[in-house]
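Residues per chain, in single letters:
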Amino acid sequence: MIPAQFDYHAPTTVDEALRLLAEVEASGRDVKVLGGGQSLLPVLRLRMAAPEVVVDLNKIPDLRGVRDDGDAVVIGAMTTHDNMTREPLVRQHALLLSVASATVADPQVRHRGTFGGAIVHADPAGDIAAPVLALDCDLVIQGPGGRRTVAAADFFEDLFTTAVGEGELLVEIRVPKYTGWGARYEKFTRVAQAWSVVAVAAAVKVEGGSIAQARVGLTNMGSVPIRAHAVEAALIGQPATADAIKEATRRAGEGTTPPTDANADAEFRRHLAGVLTGRAVLAAAGAS
Amino acid sequence: MTRITVTVDGVSYSDDVEPRTLLVHYLRETLGKTGTVVGCDTSSCGACTVHLDGDSVKSCAVLAVQADGSSVTTIEGLAQDGVLHPMQQAFHENHGLQCGYCTPGMIMSACALLKDNPDPSDREIREGIEGNLCRCTGYQNIVKSISAAAKASSSTPAGVA
């Protein structure tokens with residue numbers, strides 16, 4: 001299959017991209033923004049979408065790369081998953097984002113697919129949103145009127161729906177520094193490259209053999225990623241041992257309403273959430 | 001139509017393409033590089049894997065216009081002067097194929113893996129080719145072939161591209 005015909009634009013600056021989006025939308029034509037294309041191109045090829053215009057962000061250098069901004073690390077939206085797995089600043093200060101990126105799909109997809117693209121796509125089975133939520137990232141959105149910042153907790157609105165409006169782009173992701181925290185992204189899939197049935201993002205700060213701070217996000221346990229606040233609270237002050245962690249995490253799925261589909265029903269997903277949270281926190285805490 | 005200039009297997013080409021043309025179709029139908037195959041048509045199987053500016057990509061998930069100004073290496077660009085690339089030779093010697101349909105993509109992914117990790121464990125090899133499906137399930141000898149190529153290239157200074 002090949003996609004339906006579309007007009008193609010590859011702007012070289014964010015301003016040019018925003019101008020193009022405004023023009024196309026004013027003309028009433030349907031437009032899609034192309035990031036890494038690892039979700040969009042298969043969708044276009046299957047004719048599940050047939051935009052009249054595609055605006056490709058790949059030629060905009062300002063959207064790529066990672067920089068240190070004092071108390072935060074700033075990630076350009078078009079930074080690839082492969083870059084995220086290797087980038088020293090991310091590994092040092094936001095390890096969870098790096099280890100989660102390393103589990104996305106397969107090497108070829110990670111070479112093209114982008115961190116920001118995965119966030120805006122907001123597939124509930126995608127692997128980037130829960131880590132972004134767990135680490136309280138700020139999402140920087142740029143539109144014709146300038147920039148605004150939305151907290152991750154307010155960003156994911158529904159299936160495939162985020163706070164990024166028409167005519168806007170996600171340009172940067174700001175992550176507070178979690179220097180010295182352990183991290184693990186634990187996912188359950190049917191086969192190696194499949195979407196997560198359930199996955200858990202965990203970051204833990206261990207001090208003196210006890211868990212001092214914890215962040216836990218759940219993937220595919222609802223229409224948007226879920227922060228497991230109760231588990232985080234239960235972990236604080238616990239010794240970083242298998243028994244204590246297992247006890248504090250086994251109810252991670254309680255109170256959630258995950259989907260039932262061909263891969264798993266809701267009850268099995270709640271079970272998986274508890275098991276995977278235990279494994280993720282245990283690994284993040286470096287405990288055995 | 002959009003004019004693109006792409007270097008493929010060391011040769012520069014300029015062509016007019018429709019924006020919707022996938023890189024794999026440009027390679028096969030415009031350039032005649034049919035060594036790169038279409039397997040699943042859903043971006044799952046990796047049979048169409050090529051290197052785009054040195055990185056392995058699925059050429060069914062890249063538009064030809066996106067390769068404008070870039071360098072592409074396909075399976076047809078690996079052998080030099082009639083001599084098989086060490087990875088091709090290793091697949092040949094270790095029977096790293098059954099029906100052979102996944103082989104072009106497997107070899108391109110394997111070369112990308114060794115560039116990143118010249119001495120991978122069997123597990124790292126399996127993870128390195130997780131984006132490539134073998135419909136014959138002949139993974140055992142594929143892993144053996146890649147392992148053999150890694151060992152062969154570590155003993156020859158030229159290495160694997």
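Predicted, not measured: the structure shown is a model, and the values here were computed from it.

Moving on: the overall build of chain A. Within chain A, the secondary structure is distributed over 12 helices and 14 strands. For 288 residues, the compact-globule estimate of 2.2 N^0.38 gives 19 Å, and the C-alpha radius of gyration of chain A, at 19 Å, lies within 12% of that figure. Its C-alpha atoms give chain A principal-axis dimensions of about 60 × 45 × 30 Å. Counting every position in chain A, which comprises 288 residues, the buried fraction comes to 55%. Within chain A, counting contacts between residues at least 6 apart in sequence, those at least 24 apart form 62% of the total. Separation between the mean location of the 28 positive side-chain charges and that of the 34 negative ones in chain A comes to 6 Å.

Bringing the domain arrangement of chain B into the picture now. All names here are of chain B. Per the domain assignment, the segments of chain B are domain 1 (2–77) and domain 2 (86–154). For domain 1 versus domain 2, the distance between C-alpha centres works out to 21 Å. On the domain 2 side, the residues contacting the 17 residues of domain 1 number 13 residues. Taken together, both faces of the contact between domain 1 and domain 2 bury some 1100 Å²; the carbon and sulfur share is 60%. When the buried surface of domain 1 facing domain 2 is broken down by residue, Thr49, His51 and Ile75 rank first, second and third, together holding 40% of it.

This part is about the interface of chain A and chain B. Contacts between chain A and chain B engage 29 residues on the former and 31 residues on the latter. Regarding the contact of chain A and chain B, the summed buried area is about 2400 Å², with carbon and sulfur atoms giving 50% of it. Counting the surface chain A buries against chain B, the share from its top three residues, Arg45, Gln108 and Arg112 of chain A, is 27%. The interface formed by chain A and chain B contains four salt bridges. Here aspartate 106 of chain A and lysine 58 of chain B are joined by a salt bridge, their closest N and O atoms 2.7 Å apart. For the pair chain A and chain B, the interface holds 13 residue pairs in polar contact (both at pLDDT 80 or more). Looking at the side of chain A that touches chain B, the elements that each hand over two or more residues are helix H2 (40–45) and helix H6 (107–112) of chain A. Its residues assigned to classes, the side of chain A that touches chain B shows 13 nonpolar, eight polar and eight charged.

Time to look at the packing of aromatic side chains. Residues and elements named next belong to chain A. Applying the stated rule across the entire model yields three aromatic pairs over all chains. On the numbers, 5.1 Å between centres and 80° between planes, the contact of phenylalanine 155 with phenylalanine 156 is edge-to-face. Judged by its relative accessible area of 0%, phenylalanine 155 is buried. The buried category is assigned to phenylalanine 156, whose relative accessible area is 9%.

Turning our eyes to something else, we now look at helix H5 (residues 139–154) of chain B. Residues and elements named next belong to chain B. Between its first and last C-alpha atoms H5 spans 23 Å; for 16 residues at 1.5 Å apiece the expected length is 22 Å, and the two agree. Within H5, the full set of buried residues consists of Ile142, Val143, Ser145, Ile146, Ser147, Ala149, Ala150 and Ser153. Where H5 is buried, its residues contact helix H2 (86–93), helix H3 (103–116) and helix H4 (122–128).

All names here are of chain A. One can read the domain layout of chain A as domain 1 (7–56), domain 2 (64–176) and domain 3 (185–284). Here the C-alpha centre of domain 2 lies 20 Å away from the C-alpha centre of domain 1. If you look at the interface, domain 1 gives 11 residues, while domain 2 gives 13 residues. Linking domain 1 to domain 2 there are zero salt bridges. Across the domain 1-domain 2 interface, the total number found is one residue pair in polar contact (both at pLDDT 80 or more). Ranked by residue count, the leading element in the side of domain 1 that touches domain 2 is helix H1 (residues 14–26), at six residues.

Residue and element names in this part refer to chain B. The N-to-C vectors of H2 and H3 enclose an angle of 125°; their axes lie 10 Å apart at closest approach. As summarised for this structure, H2 and H3 are arranged oblique, according to the angle between their axes. In this structure, the crossing between H2 and H3 has a hand that is right-handed. Contacts between H2 and H3 involve Met87, Gln88 and Phe91 from the first element and Thr103, Met106, Ile107, Ala110, Cys111 and Leu114 from the second. Grouping the constituent residues of the contact of H2 with H3 by class yields seven nonpolar, two polar and no charged.

The phi dihedral of alanine 105 of chain A is positive, around 45°, even though this residue is not glycine. Its location among the elements puts alanine 105 of chain A in the loop between helix H5 (95–101) and H6.

All names here are of chain B. A sheet is described by the order of its strands in space; here five strands give the open sequence S2-S1-S5-S3-S4, paired in mixed fashion. Among the strands making up the open sheet, the edge pair consists of strand S2 (11–17) and strand S4 (55–58). Averaged over all pairs of adjacent strands, the angle between their axes in this sheet comes to 40°, without regard to strand direction. As judged from the two bridges shared by strand S1 (residues 2–8) and strand S5 (residues 71–73), these two strands associate in the parallel manner. Opposite threonine 7, over in S5, you have serine 71 as the bridge partner. Along the sheet, helix H1 (residues 23–30) contacts S1, S2, strand S3 (49–52) and S5; its crossing angle with S2, the most-contacted strand, is approximately 105°. Here H3 sits on the sheet and contacts S3, S4 and S5; the angle it forms with S3, its principal contact strand, is near 40°.

Criteria and cut-off values
Residues numbered from 1 in each chain as written. Chains lettered and ligands numbered in written order. Predicted model: local features only at pLDDT ≥ 70, side-chain atom pairs only at ≥ 80, totals over all residues. Heavy atoms only, no water. Helix = DSSP H or I, 4+ residues; strand = E, 2+ residues; numbered from the N terminus. Rg over C-alpha atoms; globule rule 2.2 N^0.38 Å. Buried < 20%, exposed > 50% of the residue type's maximum accessible area, 1.4 Å probe, protein only. Contact = heavy atoms within 4.5 Å. Lys, Arg positive; Asp, Glu negative; His and termini not counted. Charge placed at Lys NZ, Arg CZ, Asp CG, Glu CD. Domains from an automatic or database assignment. Buried area = accessible area lost by both parts, 1.4 Å probe. Salt bridge = Lys/Arg side-chain N within 4 Å of Asp/Glu carboxyl O. Polar contact = N/O pair within 3.5 Å; in protein donor to acceptor, adjacent residues only side chain to side chain. Nonpolar A, V, L, I, M, F, W, Y, C, P; charged D, E, K, R; others polar. Phe/Tyr/Trp six-rings, centres within 6.5 Å; stacked < 30°, edge-to-face > 60°. Expected span 1.5 Å × (residues − 1). Axes fitted to C-alpha atoms, helices over the stretch in contact; angles between N-to-C directions. Parallel < 35°, antiparallel > 145°, perpendicular 65-115°, else oblique. Left-handed = near helix turned anticlockwise from the far one by under 90°. Pairing = 2+ DSSP bridges.

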